[in-house]
Amino acid sequence: MNAQKLSKRLEAVASFVPTGAVVADIGSDHAYLPCYLIHQEIINKAIAGEVVKGPYESAVRQVKSEGLDKQITVRLADGLEAIKEQDKVDTITIAGMGGPLIVSILEKDPEALKHVTRLILQPNIHAKAIRQWALKNGWAILDEVILEEDGKIYEILVLQKGSMTLTEAEILLGKFLIAERSKVFIEKWSKEIDNWKRVLASIQEAEQTSEIVAKRGELLHLIGLVEEVLNNENR
């Protein structure tokens, strides 16, 4: 992967960036994504934010080597603190972290989202946390993608300001992903059911404390919820 050729998941993230957007890529690592977006003439200005010194220095070197230091500002900052009012950022990308960590970044500095119209978020795990945050904070899901790369499954959520309603199943699995029912989606949740059933079997013989009983009830509920979606061909 480099600034001209992104990984499959980052390419999918890039595909949702509006033409002419001012992008802040939070946790930018080598700044490949903002560099790519400018090389592809999708955008002409970006912020690359990094909280760790090593990746920050890598991003600075990368941007300079690509000759893009007048278009990409690299900042050493914690999360959305990389964004300044004068940047006029309207699109934020956060990729390659867990869903709860992405949520904590968004919650830590909500003022930075004041002028933002699109969030493109790629959680490695627990996308559910992002959907729950969106419901509570006035963001609606515009699109969702699930893909497999190098044996790992990733989800991408595209959010815009607005309201929405989601069922319990849609919060967990994704409304758009349920509708699409792709091969990767079915593979992911079939494996998840298998994992839950293994845990269920392992606690069957344990002493039935209130915690074990509650865990058993939770697992049975999740298995039923997901199996209903997977078995409903006409959904």
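The preceding data block contains the structure.
Presented here is a report on the structure given in the accompanying data block. (Residues numbered from 1 in each chain as written. Predicted model: local features only at pLDDT ≥ 70, side-chain atom pairs only at ≥ 80, totals over all residues. Heavy atoms only, no water.)

## Comments concerning the pairing of strand β7 (residues 152-161)
Each regular strand carries side chains that alternate between the two faces of the sheet. This is how the line gets drawn: Between any two strands, at least two bridges found by DSSP are needed for them to pair. Every helix listed is a DSSP run of H or I at least four residues long, and every strand listed is a run of E at least two residues long, numbered separately from the N terminus.
Of the pairings in the sheet, the one linking strand β5 (residues 118-123) to β7 comprises 4 bridges and is antiparallel in character. Considered in β7, the bridge of Ile120 is made with Val158. Direction of pairing for strand β6 (residues 139-149) relative to β7: antiparallel, over a ladder of 10 bridges. Paired with Asp143 across the two strands is Val158, which belongs to β7.

## A look at helix α8 (residues 183-204)
Short version of the rule: A helix is expected to span 1.5 Å for every residue after the first. Summary of the burial criterion: residues with accessible area below 20% of their type's maximum are buried, those above 50% are exposed, and those between are partly exposed, where the area comes from a 1.4 Å probe applied to protein chains only. This arc is built from the directions going out from the helix axis to the C-beta atoms. Any two residues having at least one pair of non-hydrogen atoms within 4.5 Å are treated as being in contact.
Taking 1.5 Å per residue as the helical rise, α8 with its 22 residues ought to reach 32 Å, and the 32 Å between its terminal C-alpha atoms agrees with that figure. Every buried residue belonging to α8 is among Val184, Phe185, Trp189, Ile193, Trp196, Leu200 and Ile203, and all of these are buried. Buried residues of α8 fall within an arc of 170° about the axis and therefore sit on the same side. Exposed residues pointing more than 90 degrees away from the buried face of α8 are listed as Lys183, Arg198 and Ser202. Against β6, β7, α6 (168-173), α7 (175-180) and α9 (210-231) lie the buried residues of α8.

## Considering the environment of Asp194
With respect to the secondary-structure elements, Asp194 resides in helix α8. Put simply, Asp194 and Ala127 are 67 residues apart on the chain and 19 Å apart in space, counted from C-alpha to C-alpha.

## Some details on the nonpolar core
The following threshold applies: As used in this record, nonpolar core signifies buried Ala, Val, Leu, Ile, Met, Phe, Trp, Tyr and Cys residues forming a set joined through side-chain atoms within 4.5 Å.
Counting 32 residues, the largest nonpolar core has Ile26, Ile92, Ile94, Leu113, Leu119, Trp133 and Leu159 as its most contacted members. Those elements giving two or more residues to this core turn out to be β1 (22-26), β4 (91-97), α4 (99-108), β5, α5 (127-136), β6 and β7. Leave out the neighbours within four places in its chain, and Ile92 touches Ala24, Ile26, Leu80, Ile83, Leu113, Val116, Arg118, Leu119 and Ile120.

## Here we look at α9
Along its 22 residues, α9 runs 31 Å from first to last C-alpha, staying within 8% of the 32 Å computed at 1.5 Å per residue. Among the residues making up α9, those that are buried are Ile212, Leu219, Leu222, Ile223, Leu225, Val226, Val229 and Leu230. Projection of α9 onto a plane perpendicular to its axis shows the buried side chains occupying an angular sector of 165°, all on one side. Exposed positions of α9 whose direction lies more than 90 degrees from the buried face are Ser210, Glu228 and Asn231. Those residues of α9 that are buried are in contact with α6, α7 and α8.

## What to know about the environment of Leu37
Counting through the fold element by element, Leu37 comes out in helix α2 (residues 32-39). A sequence separation of 59 residues divides Leu37 from Gly96, and the C-alpha atoms of the two residues are 18 Å apart. If near-sequence neighbours (up to four positions away) are discounted, Leu37 is found in contact with Ala14, Val17, Val23, Ile42 and Ile43.

## Quick word on unusual backbone geometry
Of note, the phi angle at Ala31 is positive, near 60°, even though the residue is not glycine. With respect to the element layout, Ala31 can be found in the loop between β1 and α2. Residue classification places Ala31 among the buried residues on the basis of a relative accessible area of 0%. Positive phi is not limited to glycine here, since His126 has a value of about 55°. Here His126 is to be found in the loop between β5 and α5. Judged by its relative accessible area of 51%, His126 falls in the exposed class.

The values reported here are purely geometric and, on their own, carry no functional implication.
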